[in-house]
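Read off the chains here:
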Amino acid sequence: MINSLFLISHSGDIFLEKHWKSVISRSVCDYFLEAKEKAGDPENVAPVLQTPHHYLISIYRGKLFFLSVTQTEVPPLFVIEFLHRVADTFQDYFGDCSEVVIKENTVTVYELLEEMLDNGFPLATESNVLKEMIRPPTILRSVVNTLTGGSNVGGTLPTGQLSNVPWRRAGVKYTNNEAYFDVIEEIDAILDKSGTTVFAEIQGVVEACVKLTGMPDLTLSFMNPRLLDDVSFHPCVRFKRWESERVLSFIPPDGNFRLMSYHVSSQNLVAIPVYVKQNISFLETGSCGRLDITIGPKQTMGKSVENLTVTIPMPKSVLSVNLTATQGTYTFDLTTKVVLWDVGKLNPQKLPNLRGSISIQTGSPKPEENPSINIGLQIQQLAISAGLKVSRLDMYGEKYKPFKGVKYVTKAGKFQVRT
Amino acid sequence: MSSSSAFNEEKGGSSSVGEPEYGHDPASGGIFSSDYKRHDDLKEMLDSNKDSLKLEAMKRIVAMIARGKNASDLFPAVVKNVACKNIEVKKLVYVYLVRYAEEQQDLALLSISTFQRGLKDPNQLIRASALRVLSSIRVTIIVPIMMLAIKEAASDMSPYVRKTAAHAIPKLYSLDPEQKDQLIEVIEKLLADKTTLVAGSVVMAFEEVCPERIDLIHKNYRKLCNLLIDVEEWGQVVIINMLTRYARTQFLNPNINESLLEEGGGADKTFYGSDEDEDEDEEEKEKKAEAAAMAKRKPYVMDPDHRLLLRNTKPLLQSRNAAVVMAVAQLYFHLAPKAEVGVIAKALVRLLRSHSEVQYVVLQNVATMTIKRRGMFEPYLKSFYIRSTDPTQIKILKLEVLTNLANETNISTILREFQTYIKSMDKDFVAATIQAIGRCATNIGEVRDTCLNGLVQLLSNRDELVVAESVVVIKKLLQMQPEKHSDIIKHMAKLTDNIQVPMARASILWLIGEYCEHVPKIAPDVLRKMAKSFTNEEDIVKLQILNLAAKLYLTNSKQTKLLTQYVLNLAKYDQNYDIRDRARFIRQLIVPTEKSGALSKYAKKLFLALKPAPVLESPFKDRDHFQLGSLSHLLNAKAGGYQELPDWPESAPDPSVRNVEVPEWTKCSSREKRKEKKVEKPFYSDSEGESGPTESADSESDSASGSESGSEGSGSASESEESGGVSVSEEEEEEEEEEKKTKKRELKKAVQESESEQSSEEEDRKHERKMKQQKSDSESESDEEEESESESSQSESDDSESEAEVRKKKKAAESKPPSKPAKRETTKEKKEMSLLDLDDFEPAPSPQVTPVNNLFSNSLVTDLEGLSLSEAVLLPATITPSSALKSYELLHRITGEGLSVEYCFSRQPFSPDANMVAVQMQFTNSSASDTKSLHMEDVKLQSGMRVKEFPEIELLPAGETATAVMGIDFCDSTQAANFQLCTHTRKFFVSIQPPVGELMRPVFLTENEFKKEQGQLMGMNEITEKLTLDAKCRNEHAIVQRVTTAANLSRVPCGSDKECSPPVPPPEHPVHRFAGRTVTSGSLVLVTVATREEGAAQLTINCEKMVIGTMLVKDILLALTQ
């Protein structure tokens, strides 16, 4: 299915190649580099390209292109999903998925890739199985390895692969048994000029960090599962129990994982936590413009809004901005023309305001469109969908009492205000 | 989640600091001056005795390979280390070997013997790894060795090795396609494999080697469907895609009837039906008419296998893996009845939250789907709204979807959205938006004028690209009704001064030329201006200038004759030969000369012919002839190795090809496994290391099997409910047909022979029972004895021992001869058989005995239980005829390393504690060695639950079977009891979860008592459900049998008057009553099944415990309807 993989840096340097079938010359990447030049923005490179003899399927992650080459029909999503899984694995192993890190860990990366695919077909993609075979690098281990000549390849054979719970490794032991669940809800919204909601929905995920000894069997139930309109699960979750009882029953993987993601039924009105009063105008003459933005709390359910950020991608013709913020700091990136205003905590008594002038390249016409405003925010201890609460977590299969914790966070997802 | 972030930080920190030595080596290697020198260096290191040096060298070599540097000259030095003890060195050597073996074939052969040795290793993982590397070495000489290795591995004990064998098949095939025939044999063998681990890989091999051999799938189809949910994600994708193709060849189009309705109703069609699709529809209509005719002849019934596939793939829409979701979505799109396709929309919309590459692919597919099935995505319209931060390619695809979704009702919202898009900074996107508006305008007549006005306004836009695009779109729109819009044409004529984009200029000129009669004054002037700038124009503009000149010459030659001449002259000397040609051609055509031929007469007709308006249609139209989700669909071109999605067959091929011929023993064991899963493992098979990776079945299938088995079970059981009847009704489909056949074969004779016998026997039994009932009735009327009896059965919990004693005495006193023999018979039989797996015995050996057994095994035995309890108490280890009891798997043979354990709810009171449910376990040691000290440990229970462990089994010799009984007090809940099953060497996590029907024990009530009790359990405690009885389940026996199978209840004898006079025909609509008490709390459970006309029935359950009641309703409903 997947013949070869090339890792290509942002600048077009092919710095790693791996072949699972016959070797394919790296010149095949030229087609891709050409397309990349044409597209300009790396996000605009078509994920699937056709060349005379090969098909190139690529993803862009962490300023890197993961380019896979196939020769025959294959579901494109299959490859894309797999490449993202590879990137996730690197992230998981090295804490980051960037060119520097991958170059530093070439051998581990190579070993990982070797295990992940066999003849181009995914073999072991579960992080727990991989970690059993190839240990992630840590400072301690690298020191020990240097002294003893040890290796980062697991001495034991990967029994996880044989298990029917492939996502969990055997023989997990912790002194402190703990299970944490973060319910993170993101508001995706588009507001129009007047502040009316054009579109809003809530997407949530339950992120879990489970460090439990042995083979615990967990059951997580919600107060109001009816709210959940659409869900997708980690493979460990038993569908059937969910269908019949609306509880999540699962043997968790070890460590961090995303237990489920959900969509809150669109019938419910979405509470928009902040309002934005904005006035961005470009003058017809004089090549300048004005900007005035005020943000205030709207439906915050009595919680405070934190980590408020405002991102405004300015038209390309904007030269510079001269603004004053009553709270927080702002930056203007000259190359990307993005104004980033880091507000911090929203104070309902004294609303943060950003105003000032924008100067435009002389001679260029007045920008047609006003830039849209992207809001980022965070509200602790609140699930905005109002009502989705974890009611209990039960553990079967093990004797000890685990420490359990649930946290709720609301964030702005793709929250955009049109101006 | 502080701890997790700390963990990440630690990792992050290490990545920058960690492994400095190895990390920098590959990079610094490049700095060294000469390659040769460095390689000598590496060779030395590889030859050394120290593993650390070897490792170091290998790491540097692999880093070279990774960066695409040639390291082939090191081959001899590296290959020597293939047998190195150090695992990491070994692995790296493998990496090197696989990379360069093809180039250095001779040297690579040196390593082969190492792998051959590895293939014989006792450790399955080493065997697998050896096969993996061996098959990856692309050296033609070793093809026979590989073939041998693959064949051997394909029958390996370990499923993991078999999986590796499946992976090796396409490798060998690509190396030597001549091996195809032999490889197909191996594939066929592996396809029959029952483990989830192998399934995905072998289907992959099938797809690469012999996708045309669809016949290989027949026998494995049902198994694949059932395994699907437990296969790993990647395998799921491959299997689903393959099954889509398979289904298209084997089943009928489920939408034959729908398409008829659609044609008639047409509500959905207004959009497409409006203008442009008219002609195509004609063809389609014809086809439909044909189909309709066919459909009328034969109403469509979905093949149960088709249904099975749809049902088993549906839960996978919830997968986290986008590829799996897409695979299911395309399966539904291609295979599901129209009404059911809708479920995929939600899942696909969910994927739009994923990475932009995923969005890209999903949107392409959604765009195709929206053309065929617009309604499906309409509710999600807003999810396709565009954000300014989306990448352009995503924006354009979303726009496509929005355009496809537009109809009269939502067009205003969509246009408002479009309005904002037009102001975007992304000009490609704006251009696409204008195109989209144009398409909406052509498709939806109502908004055509609005759109046109909007577009005209755009003509004054500052951005030239926007104007140009608008011009092009307006041109297309105007072609539809030019006469109404001459002012727009005039307006556009004025634009020629400003607009520089060639395409737009060309469009304007064409418009003016085409409709010059609408703008008679302006047209010549435009031509004049164009003539002036002719030499500076782009080619397409020049061509249009020529066109304009020609058309004007024909309509208004007075004013434009000279201009035309001038333009033609200019064109004559143009650099472009196209333009020169055109000029020559036009001149001949329009300018009358003496030589001019007949054609010039028709010049007007040629130039001023009415042109049909262009059709603005989606580029995604008709893309669905490619299988959705495929690469070919995405590229809209057939990719190499793409398998066409076949059309539905006209008539369904023989469905019986999917029936599986299963030897008795496999059939039984697999059936038990399935059953176990149904009850115990709601979703997947593996909660605690039991049942192993080998066998897993989809629990979804129970209803399927139920429905199938309903007909089946009663089909064979209606006349002669043989002892297998109960378990048969639970049969999996895949075995069903077959089983039926074999059973029929076996039974036919017996049944036929014994039919008469049996019926008389039946009669006898009825007599017996009636007599008994009579007795008890009379007892209840007069006797206090009866009172004590009912009391005893009610409050068993008090003191079962003494109670039992009392009862024993009582029974002795009462001595009911007719009942006893039956009971005895069953216990005896059970005792005999307890050494073996009862379920493994088909009824065949004793058809005459077992039917009897089954007929009353539940109803009668339970009826009698109140009386004969003592017997059971005396023999705690006994079991009721297990042929009638479901047995579940506790520990699979593979997981248990040879030890397999099954359990069943024996439905006998558990003597040490009457509040416990007796669970009979059967241990089979199929390993080669003895198992010692089998016992339980580490019981994990919900609060209140209790377990009475079974006595330790000290020795279970190899090949032997032992049974033991344990008691569990489930506290009237269906929570599982988890515990560890320990042998002298190992511990297995197992759990027992009771079906709700096992949480009760039968009590004997008379009809009057029943009614009285029922009267006290009304309101909240009563649950009533209407149902339609399964066709094969309308006779009394079937109902009684099914209810008592589903729950441990006893039948309440009905209408004593009828009972005493057998010749009286049974009432037309009998009411069946059943009673029991929950084991722990002793709450009454009353079940009433009142039958009505034509299989309609009403099920009423009265129980104080509402949870039990609701769960029981479900179970019984299922038992009766399927």
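- An unreviewed UniProt entry lists chain A under the name AP-3 complex subunit mu-1, with Poecilia formosa as the source organism.
- Under the heading Function (unreviewed entry), UniProt records this for chain A: "Part of the AP-3 complex, an adaptor-related complex which is not clathrin-associated. The complex is associated with the Golgi region as well as more peripheral structures. It facilitates the budding of vesicles from the Golgi membrane and may be directly involved in trafficking to lysosomes."
- In its Sequence similarities (unreviewed entry) section, the UniProt record describing chain A reads: "Belongs to the adaptor complexes medium subunit family."

**Some thoughts on the side chain of Ser261 of chain A**
Residue and element names in this part refer to chain A.
Then step 1. Looking at the element boundaries, Ser261 is found in strand β13 (residues 255-264).
Then step 2. When its relative accessible area of 17% is taken as the criterion, Ser261 is described as buried.
Then step 3. Beyond its immediate chain neighbours, meaning those up to four positions away, Ser261 contacts Gly204, Val205, Asp230, Val231 and Ser232.

**Observations concerning the packing of aromatic side chains**
Residues and elements named next belong to chain B.
Then step 1. The final tally for this structure, using the stated rule, is 26 aromatic pairs over all chains.
Then step 2. Summarising the aromatic geometry, the rings of Phe377 and Phe384 are spaced 6.2 Å apart at their centres and angled 70 degrees between planes, so their arrangement reads as edge-to-face. Side by side, Phe377 and Phe384 carry an identical accessibility label, which is buried.
Then step 3. Where Trp510 meets Tyr515, the ring centres are 6.4 Å apart and the plane angle is 90 degrees; that geometry is what we call edge-to-face. Residues Trp510 and Tyr515 agree in their burial class; the two are buried.

**Side note on the pattern of salt bridges**
Then step 1. Enumeration according to the criterion identifies 55 salt bridges over all chains in this entry.
Then step 2. Among the ionic pairs, Arg355 of chain A bridges to Asp292 of chain A, the shortest N-O distance being 3.9 Å. Here Arg355 of chain A is found in strand β20 (residues 353-360), whereas its partner Asp292 of chain A is found in strand β15 (residues 288-297), with 63 residues between them in sequence.
Then step 3. Arg355 of chain A gets classed as partly exposed once you look at its relative accessible area, which sits at 43%.
Then step 4. On the basis of relative accessible area, Asp292 of chain A is assigned to the partly exposed category, the value being 24%.
Then step 5. One continuous salt-bridge network, built from bridges that share partners, spans Lys18, Glu114, Glu115 and Asp118 of chain A together with Lys91, Arg132 and Lys171 of chain B.

Reading the values: rules and limits
Residues numbered from 1 in each chain as written. Chains lettered and ligands numbered in written order. Predicted model: local features only at pLDDT ≥ 70, side-chain atom pairs only at ≥ 80, totals over all residues. Heavy atoms only, no water. UniProt positions renumbered as here; feature names shortened; annotations may be inferred. Helix = DSSP H or I, 4+ residues; strand = E, 2+ residues; numbered from the N terminus. Buried < 20%, exposed > 50% of the residue type's maximum accessible area, 1.4 Å probe, protein only. Contact = heavy atoms within 4.5 Å. Phe/Tyr/Trp six-rings, centres within 6.5 Å; stacked < 30°, edge-to-face > 60°. Salt bridge = Lys/Arg side-chain N within 4 Å of Asp/Glu carboxyl O.

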